[in-house]
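Chain residues, written in single-letter form:
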Amino acid sequence: MNFRFFISASLVLLSPLSLLSQNETAERLKKHVQILTSDSLMGRMAGTPGEKKASLYIHDEFTKADIETLFDRNGQQFSFLSTFGDTISSQNIIGIIEGYDPKLRDELIIVGAHYDHLGFNKLSVNGKMVTQIFRGANDNASGTAVLIEVARELKRVSFDLKRSVMVVAFGASEASLTGSWFFIDNAAKYRDKIKLMINIDQVGVSPGEYNPQIFTILPSPELTALINSVSEKPAMITPVIK
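This write-up is about the structure you can find in this document.

Conventions we followed
- Within each chain, residues carry numbers counting from 1 in the order of the written sequence.
- Local features in a predicted model are, by the rule used here, given only for residues with pLDDT of at least 70; side-chain atom pairs are given and counted only at 80 or more, and totals for whole chains, interfaces and linings are based on all residues.
- Water and hydrogen atoms were dropped before computing side-chain values, which therefore reflect all heavy atoms in the structure.
- Numbering of helices and strands starts at the N terminus; helices are DSSP runs of H or I of at least 4 residues and strands are runs of E of at least 2.
- Categorising residues by exposure relies on relative accessible area from a 1.4 Å probe, with only protein chains included: less than 20% of the type maximum marks a residue as buried, more than 50% marks it as exposed, and the intermediate range marks it as partly exposed.
- Definition of a polar contact: a pair of N or O atoms within 3.5 Å, with one able to donate and the other able to accept a hydrogen when the atoms are protein atoms, and with sequence-neighbouring residues admitted only if both atoms are side-chain atoms.
- Contacts are residue-level and defined by heavy atoms, with any inter-residue pair within 4.5 Å sufficient.
- Helix axes are fitted to C-alpha atoms over the stretch in contact, other axes to C-alpha atoms as well, and angles between N-to-C directions run from 0 to 180 degrees.
- Small angles under 35 degrees read as roughly parallel and large ones over 145 as roughly antiparallel, with 65 to 115 read as roughly perpendicular and the rest as oblique.
- Less than a right angle of anticlockwise turn of the near helix away from the far helix marks a crossing as left-handed, whereas a clockwise turn marks it as right-handed.
- Each residue gets one label: Ala, Val, Leu, Ile, Met, Phe, Trp, Tyr, Cys and Pro are nonpolar, Asp, Glu, Lys and Arg are charged, and the others, such as Gly, are polar.
- Expected helix span is computed as 1.5 Å times (number of residues minus one).
- The directions considered for the arc run from the helix axis to the C-beta atoms.
- Aromatic pairing here means that ring centres of Phe, Tyr or Trp (its six-membered ring) are within 6.5 Å. Orientation follows from the plane angle: under 30 degrees is stacked, over 60 is edge-to-face, and everything else is tilted.
- One speaks of a salt bridge when a side-chain nitrogen belonging to Lys or Arg is within 4 Å of a carboxyl oxygen belonging to Asp or Glu.

**A closer look at unusual backbone geometry**
Next, step 1: Along the chain, Asp139 connects to Asn140 via a cis peptide bond; the corresponding omega equals 5°.
Next, step 2: Assignment of secondary structure puts Asn140 in helix 4 (residues 137-156).
Next, step 3: Even without being a glycine, Arg44 presents a positive backbone phi close to 55°.
Next, step 4: Residue position: Arg44 is located in the loop between helix 2 (24-36) and helix 3 (49-64).
Next, step 5: Although it is not a glycine, Leu177 adopts a positive phi angle of roughly 55°.
Next, step 6: Relative to the helices and strands, Leu177 is located in the loop between strand 7 (164-170) and helix 5 (178-185).
Next, step 7: Assessed through its relative accessible area of 48%, Leu177 is described here as partly exposed.

Structure below.
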């Protein structure tokens, strides 16, 4: 895979000031966030109908982009016990974009984002019952929207990808990162093939306030040099490496 192209495309889509901000991509990003934060999804808490609706929406967006999904519309399903002893069911939505290189296509780049949030709360205010919906526009409808659009763009230019890219929308992240844990715990057949994982989280900041922050598990001079090179290009953002 052309890492320089991949990270360039990802950073452009993450930038609120990029050249793409006025085009169809920006409108789709806005639409994704509006749908994921709508009242009908009630905050997308793990195990709720709202989280399920969000997962179906993501699956359908992958399908529209002609991205192959590894499971049916219900996704990679899993269940777990909450701290209160309730059984909660959730799902990951996983798509695959195959690379073209016969020697490298079996290697994987993972791009992920969690799509669930905190749900809602009912309380009495001055004797009147009201519902607080925690819509999670930034955490993490923003990252999910970018994930969908990065996936769409990578599929469009898949002829440039030497390695394969797996795009994963994780459920139940706010419940002890259960979705991502389940994903990797059940990835034995391709775990050794994963060469890089990029997680997209809370990118919905106002223009001019913050630069995106990039956190790495281990120091990577190659990745640092690549990101710095990308940020020097015209119309690029300037990420901060932590």
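**Quick word on the side chain of His114**
Next, step 1: In this structure, His114 sits in strand 4 (residues 108-114).
Next, step 2: Of the residues examined, His114 reaches a relative accessible area of 8% and is grouped as buried.
Next, step 3: In this structure the side chain of His114 is engaged in a polar contact, spanning 3.1 Å, whose partner is the side chain of Asp116.
Next, step 4: Among the polar contacts listed, one links the side chain of His114 to the side chain of Asp201, at a separation of 3.4 Å.
Next, step 5: Apart from residues lying up to four places away in sequence, His114 is in contact with Asp139, Asn140, Thr144, Phe170, Ser173, Glu174 and Asp201.

**Details of the packing of helix 3 against helix 4**
Next, step 1: Packing of helix 3 against helix 4 leaves a shortest axis separation of 10 Å and a crossing angle of 20°. Taken together, the axes of helix 3 and helix 4 lie roughly parallel to each other. Once helix 3 is placed against helix 4, the crossing between them reads as right-handed. Taken together, the residues of helix 4 that come into contact with helix 3 (itself represented by Tyr57, Ile58, Glu61 and Phe62) are Thr144, Leu147, Ile148, Ala151 and Arg152.
Next, step 2: For the contact of helix 3 with helix 4, a count of residues per class yields 6 nonpolar, 1 polar and 2 charged.

**Re helix 2**
For an α-helix the count is 3.6 residues per turn, leaving residues at separations of three or four pointing the same way.
Next, step 1: If you check helix 2, its first and last C-alpha atoms are 18 Å apart, about what 13 residues at 1.5 Å a residue would give, namely 18 Å.
Next, step 2: Within helix 2, burial applies to Thr25, Leu29, His32 and Leu36. Relative to the axis of helix 2, the buried residues are bounded by an arc of 60° and lie together on one face. Those residues of helix 2 that are exposed and angled more than 90 degrees off the buried face are Glu24 and Glu27.

**Some remarks on the packing of aromatic side chains**
Next, step 1: Scanning all chains against the criterion turns up 4 aromatic pairs.
Next, step 2: Their ring planes at 40° and their centres at 6.2 Å tell us that Phe183 and Tyr190 sit as a pair that is tilted. With respect to class, Phe183 is no different from Tyr190; both count as buried.
Next, step 3: By way of ring pairs, the aromatic residues Phe78, Phe80 and Phe182 are connected into one cluster.

**Brief notes about the pattern of salt bridges**
Close approach of charged atoms lets side chains of opposite charge pair.
Next, step 1: Applying the stated criterion across every chain, the model contains 11 salt bridges.
Next, step 2: Salt-bridge contacts for Arg28 lead to Glu24; the nearest nitrogen and oxygen are separated by 4.0 Å. Of the two residues, Arg28 and Glu24 both sit in helix 2, 4 residues apart, roughly one turn of that helix.
Next, step 3: On the basis of relative accessible area, Arg28 is assigned to the partly exposed category, the value being 22%.
Next, step 4: Taking the shortest distance from any N to any O, the salt bridge between Glu149 and Arg28 comes out at 2.9 Å. Taken together, the positions of Glu149 in helix 4 and Arg28 in helix 2 put the pair 121 residues apart, joining distant regions of the chain.
Next, step 5: The exposure class assigned to Glu149 is buried, which follows from its relative accessible area of 2%.
Next, step 6: Several salt bridges share partner residues, and in doing so they unite Glu24, Arg28, Lys31, Glu61, Lys64, Glu149 and Arg152 into one network.

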